[in-house]
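# Breakdown of the fold
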Amino acid sequence: MIDAVERVTGRIRFSQDASLPGMLHAAAVRSVVPHGRIARVDTAAALEVPGVVAVVTGEDLRRLPGLRPVYGPQIEDQPVVALDRVRYVGDIVALVAAETPRAAQEAAALVTVEYEELPAVFDPLDALEPGAPLLHELEPERPHEGTALYFGIRPQFGTNCCNLFRIRRGDVARGFAEADLVLEETFRTPAIQHVAMEPHAALALWEDGRLTVWSGTQTPFNTRQILAGIFGLPVERVRVVVPPMGGSYGCKVFPRIEPQAALLAYVTGRPVKFVLRRDEEFVTLTRHATVVTIRLGLKRDGRITAREVRAYWNTGAYADCGPDVARKGGFGIVGPYRIPNVAVDSRCVYTNLPPAGAFRGYAVTQATWASESMMDLAADALGLDPLEFRLRNLLRDGETFATGETLHDVHFAECLERAAAAIGWEGPQRRELGDGRVRAKGLAVVMKGMTTPSRSEAKVGVDRSGQVTVYSSTVELGQGARTVLAQLAAEALGVPYQQVRVVDPDTDRTPFDNRTTSSRSTYMMGNAVRQAALALRERLLLAAAQRLEVEPADLELVDGNVRVAGAPASALTFGQLVEATGQEELVEHGEFRNQGGLDPDTGQGIASSHWHQGAGAVEVEVDTRTGKVTILHAHASVYAGQVVNWHTAELQNLGCIVFGVGSALFEELVYDQGQLVNPNLSDYLIPSFLDLPERMTHDLIERPGAEIHGLGETALPPIPAAVGNAVARAIGARVTELPLTPERVLRAIRARDGERG
Amino acid sequence: MAEFAVVEPATVDEVLDLLARYGEEAKPVAGGTWLALVLRQGLLWPSLLVSLRRVSGLAGITVDEVGNLRLGAMTRLRSIETSPLVWERLPVVAETYREVANVRVRYQATVGGNLCDADYASDPPALLTALDARVIAVSQRRWRAIPVRDFILGHYQTVLEPDELVTEVVVPALPPDAGAVYVKYRTRSHEDRPCIGVAAVVVPDAEGRLARAEVVVGAVAERPQRLPEVLDAVRGRALDDASIGEVAERYAAGIDPLSDLRGSAWYRSEMIRVFVERALRAARERAQWEGRQP
């Protein structure tokens, strides 16, 4: 990996390390009530703290001319600073800029806020009840607040539903009428947090009416656009630079602290840096808590006749990208199965909790928890082996998904069979070991889409010194993006990849890319880089052909030289060829797009230009006296198409399994009346090395000539579902809510015994 | 975080002088793993932090003339878990400290600091109670040895006066035929605090009956739980499955547990039954019963 040594030795410069002379430090005053009207904000004491330069409240923000005080990637519902209302415990009520971080924190603690508390709602189903307190008054035509920016969002005006995504395929009523058996179950997942090692950090600078922000963000271009919107600037007058990040996992998708840093810099006329504390991380973005009810119609022979889904995504106080999460989860929840009649209603719902947004797995972990648990319930009800039941129903190449799109390069069955074989699946069995210990195995399949439509551009250049440079806006979050992009350029140009420079994303300097999300970069940006590098190769070949007076076809590129094949003496260096053109650097451009989109009312169209496919399989041991689950072996099989870098690809699979273990067994944000109970790493735990399964194995499935398939997330969603299925098998009862804490498992065992008794 | 001054005295006398002068305003800092958290959360507002880092003579592991294991208050948990002397004399002590938090915390946290935090969700207090260990506390006024079982009063509260400093923890030796264990049960990550921890010590008599039994349950209530009437009732009896089951039942019934993120009160009651039984079985395994059939 290109920056491995810098990361391990601490020499790498993260956005947290960015600094400028005269820089101020920001701190936030945050709401302590879940929902309330701001009656009074007293900043006098804060302004007296030595070193404090500014305290900005909602009232100040409102008075600033020409500013649009709200923002949001899909619905403009989030104020830069609360204007008149707070909507969750942690909402920003005021911002402080001071000479030192300490003065800023101290002053923030001295700002007193009086609230008139309003009724609050925390559960998405309660939030949809008539008479529930409304978080936002979304209106179709209001210019500044509540504007659905993203095509195809369907807010339900007058309710807390900020997007309703539907799939309608076939006729579910007929499908259920034809069924021999109809099953229904409700599944839940809690909010969890990303816990990236590096917190959110941004530095904002205004210079000659131009805004520059250095930020650890996965979305430089969205951030540029949103900042331009807030400050009423053309996008060209905003520049976003992205240093490498110390992890993100989705928490740095879309602006989160950049508007606030930029506002303080705007007000003070000085550069301002904003870095979140760990406890602030916990109230800044979470993974959606969900409630999903699935109804399944089945024939005795194992065919599925109908599937009806009602899904609720608790998006918290601001929509963020929740509407899109509900959409992606809406089709993800159908599963990669042959089902003629499908109806999905997937609702993204506001509540008075911290905002939820992107999280590694992007809706599919929650969707898979519900849909793959349901598949095991169905197999049990039919008396079929869950492996056999899935194999009978899995989509095959050329078959049609619930969205109406035909799937190609389909490998679900192969992924599942390999995962099952890896853990020695022998059918739905349980093995008692004595002393209340039971072992069993579980399976799950995953289907995950990639952002569609989207676009990636790249430039690849070579200068007079022969240095090859990749200009790409794909951000480096530790996933190894720079390494694979360097490799793809190096491969086309015949240089060692270690010698390729990949510049940090900079909206002034690196070309457009949608964003670094959705496991799309190696495929989308990889193709753009490859295209640019191949164009550059052609140009170098042509230039050399002229100089050497041979046909380009007779030339080869070796170690930064172009030479007549097999004739090292004829070699011209890249540098010589560039110099001969009279230019400083030869640069070629590449672009790669995918096309599609879904009708939001029927869910018909192209959900994803290609699909991330995988399966998980686990063996667990349950101590039935305590309910404690130990994962003995976890395996993930992922369709990779073509692996660019085996080492980082393997680490992605293993990292996904680790995330899956946390989700499966203990990660959960706990709220008491909207107040987060565990906002620190002592009360909110992520897996440590000692929590990992004794055996963690995986497959990367390749096909000669196949496209690259992203794999940053695929192996995560099936893990909790496979663990849930194994536990259900072991104890003869199903836990329908994550995480599978010992207490939940023990209660399920007791409930089972109660029913029998 | 509050405003405070930090001093780094070199001797115990200097520390005691500062504590006598500043009283509640001063707070000794040992490893600081717990104090840093509560300072950051604004739960304590001392104006003076008295660092014990440079104080000589507070760290070390020794065995005294009567065979007591003496752990200096500033001894790091990691030093105990890696001490050949502790493994030789009282392996259960090393085993227990090895279970605390994670290795990074154990390199920093200290024996004395851990007891003085009096955090209910902690491992060593239950074991040290079961082993009848004593805390040595000194001040300019007096020297006293406080049994660990009396030391912790409740949530983050000890009997320590503001001018007193813990210098040592003294753990009596066990008879060679005794069996002692500490069983830690975590419901979340392996680095989590205990949902419950049970320390059990059994000492056989010449007839293979119980000369002594100690069962202390930690992390389920605001201080380690010990039920003397239950322990008295099994003394002199054979440690068979029936008597183990009886102790487990009576502990489960006799303790009113708290609820937290690691388990509800209901769940903890269930786990007291399970883990008292498991701890006693494990202690029975370790004790020497050879040739002493009851």
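Computed from a predicted structure; not experimentally measured.

A separate point is helix α2 (residues 33-40) of chain B. All names here are of chain B. By the burial criterion, the buried members of α2 are Trp34, Leu35, Val38 and Leu39. Along α2, the residues classed as buried sweep out an arc of 130° about the axis, all on the same side. On the buried face of α2, the contacting elements are β2 (26-29), β3 (48-51) and α7 (111-117). In the segment just after α2, Gly42 is the residue with positive phi, at about 70°.

Moving on, we come to the interface of chain A and chain B. Taken together, the contacts link 24 residues of chain A with 23 residues of chain B. On inspection of chain A and its partner chain B, the count reaches three salt bridges. A salt bridge links Arg625 of chain A to Glu277 of chain B; the shortest N-O distance between them is 3.3 Å. Linking chain A with chain B are ten residue pairs in polar contact (both at pLDDT 80 or more). Mapped by element, the contributors of at least two residues to the side of chain A that touches chain B are α4 (101-110) and α19 (742-756) of chain A. Considering each element in turn, the side of chain A that touches chain B owes the most residues, five residues, to α19 of chain A. Class assignment for the residues of the side of chain A that touches chain B results in eight nonpolar, five polar and eleven charged.

This paragraph deals with the nonpolar core. Residue and element names in this part refer to chain A. Core analysis: the largest hydrophobic core is formed by 131 residues, its most contacted members being Phe389, Phe401, Val620, Val723, Val727, Ile731 and Val745. For this core, the domains that each give at least three residues are domain 1 (4-120 + 194-282) and domain 2 (365-449 + 610-756). In this structure, Val620 is in contact with Val438, Arg439, Ala440, Val629, Thr630, Ile631, Leu632, Val723, Ala726 and Val727, ignoring residues within four places of it in sequence. In this structure, Leu493, Tyr523, Ala533 and Ile708 belong to the second largest nonpolar core, which totals 41 residues.

Further remarks concern the sheet that holds strand β6 (residues 134-138) of chain B. Residues and elements named next belong to chain B. Sheet architecture is open: five strands sit in the order β4-β5-β10-β6-β7, paired in antiparallel fashion. The open sheet terminates on both sides in strands that have one partner only, identified here as β4 (61-63) and β7 (143-147). Within this sheet the neighbouring strands show an average axis-to-axis angle of 25°, counted without direction. Here five bridges tie β6 to strand β10 (residues 165-171), and the two strands are oriented antiparallel to one another. The residue bridging Arg134 from the neighbouring strand is Val170, located in β10.

This part covers the side chain of Thr75 of chain B. Residue and element names in this part refer to chain B. Topologically, Thr75 is positioned in the loop between β5 (69-72) and α3 (77-81). Separated by 3.1 Å, the side chain of Thr75 and the backbone nitrogen of Gly60 make a polar contact. With near-sequence residues (within four places) excluded, Thr75 lies in contact with Leu58, Ala59, Gly60, Ile61, Ile80, Ala109, Thr110 and Val111.

Right, let's talk about the environment of Tyr120 of chain B for a bit. Residues and elements named next belong to chain B. Among the secondary structure elements, Tyr120 is positioned in the loop between α7 and α8 (124-130). Accessibility expressed as a relative area gives 15% for Tyr120, which makes it buried. Taking the C-alpha atoms as reference, Tyr120 lies 6.2 Å from His155; in sequence the two are 35 residues apart. Not counting the four nearest positions on each side in its chain, Tyr120 is found in contact with His155, Ala219, Ala221, Glu222, Leu258, Asp260 and Arg262. One polar contact links Tyr120 to Arg262, side chain to side chain, over a distance of 3.4 Å.

Let us now look at the domain arrangement of chain B. Residue and element names in this part refer to chain B. Looking at the assigned domains, one finds that chain B contains domain 1 (5-51), domain 2 (61-171) and domain 3 (179-286). Domain 2 puts 25 residues into the contact, and the matching count from domain 3 is 27 residues. Buried surface at the junction of domain 2 and domain 3, summed over both partners, amounts to about 2100 Å²; 52% is from carbon and sulfur atoms. At the junction of domain 2 with domain 3, the criterion picks out six salt bridges. At the surface where domain 2 touches domain 3, the tally comes to 14 residue pairs in polar contact (both at pLDDT 80 or more). Of all elements in the fold, only α5 (91-98), α8, α9 (148-151) and β8 (152-154) reach the threshold of two or more residues within the side of domain 2 that touches domain 3. If you tally residues by element for the side of domain 2 that touches domain 3, the top one is α8, at five residues.

Another point: the domain arrangement of chain A. Residue and element names in this part refer to chain A. We note that the domain assignment places domain 1 (4-120 + 194-282), domain 2 (365-449 + 610-756) and domain 3 (454-594) within chain A. Relative to domain 3, the C-alpha centre of domain 2 lies at a distance of 40 Å. Together, the buried faces of domain 2 and domain 3 total about 1000 Å²; carbon and sulfur atoms form 52% of this surface. Looking at the side of domain 2 facing domain 3, the largest losses of area belong to Val644, Asn645 and Ile708, adding up to 43% of the total buried there. Taken together, the links from domain 2 to domain 3 amount to zero salt bridges. Seen at the junction of domain 2 and domain 3, the total is five residue pairs in polar contact (both at pLDDT 80 or more).

Residues and elements named next belong to chain A. Position of Arg734 among the secondary structure elements: in the loop between α18 (718-731) and α19. Of the side chains with opposite charge, Asp376 lies nearest to the buried Arg734, which makes no salt bridge, at 4.1 Å. Among the polar contacts listed, one links the side chain of Arg734 to the side chain of Asn725, at a separation of 2.9 Å. Excluding residues within four positions of it along the chain, Arg734 makes contact with Phe187, Ser373, Asp376, Leu377, Gly724, Asn725 and Ala728.

Here is what the cut-offs are and how they apply
Residues numbered from 1 in each chain as written. Chains lettered and ligands numbered in written order. Predicted model: local features only at pLDDT ≥ 70, side-chain atom pairs only at ≥ 80, totals over all residues. Heavy atoms only, no water. Buried < 20%, exposed > 50% of the residue type's maximum accessible area, 1.4 Å probe, protein only. Helix = DSSP H or I, 4+ residues; strand = E, 2+ residues; numbered from the N terminus. Arc of directions from axis to C-beta. Contact = heavy atoms within 4.5 Å. Salt bridge = Lys/Arg side-chain N within 4 Å of Asp/Glu carboxyl O. Polar contact = N/O pair within 3.5 Å; in protein donor to acceptor, adjacent residues only side chain to side chain. Nonpolar A, V, L, I, M, F, W, Y, C, P; charged D, E, K, R; others polar. Core = buried A, V, L, I, M, F, W, Y, C linked by side-chain atoms within 4.5 Å. Domains from an automatic or database assignment. Pairing = 2+ DSSP bridges. Axes fitted to C-alpha atoms, helices over the stretch in contact; angles between N-to-C directions. Buried area = accessible area lost by both parts, 1.4 Å probe. Lys, Arg positive; Asp, Glu negative; His and termini not counted.

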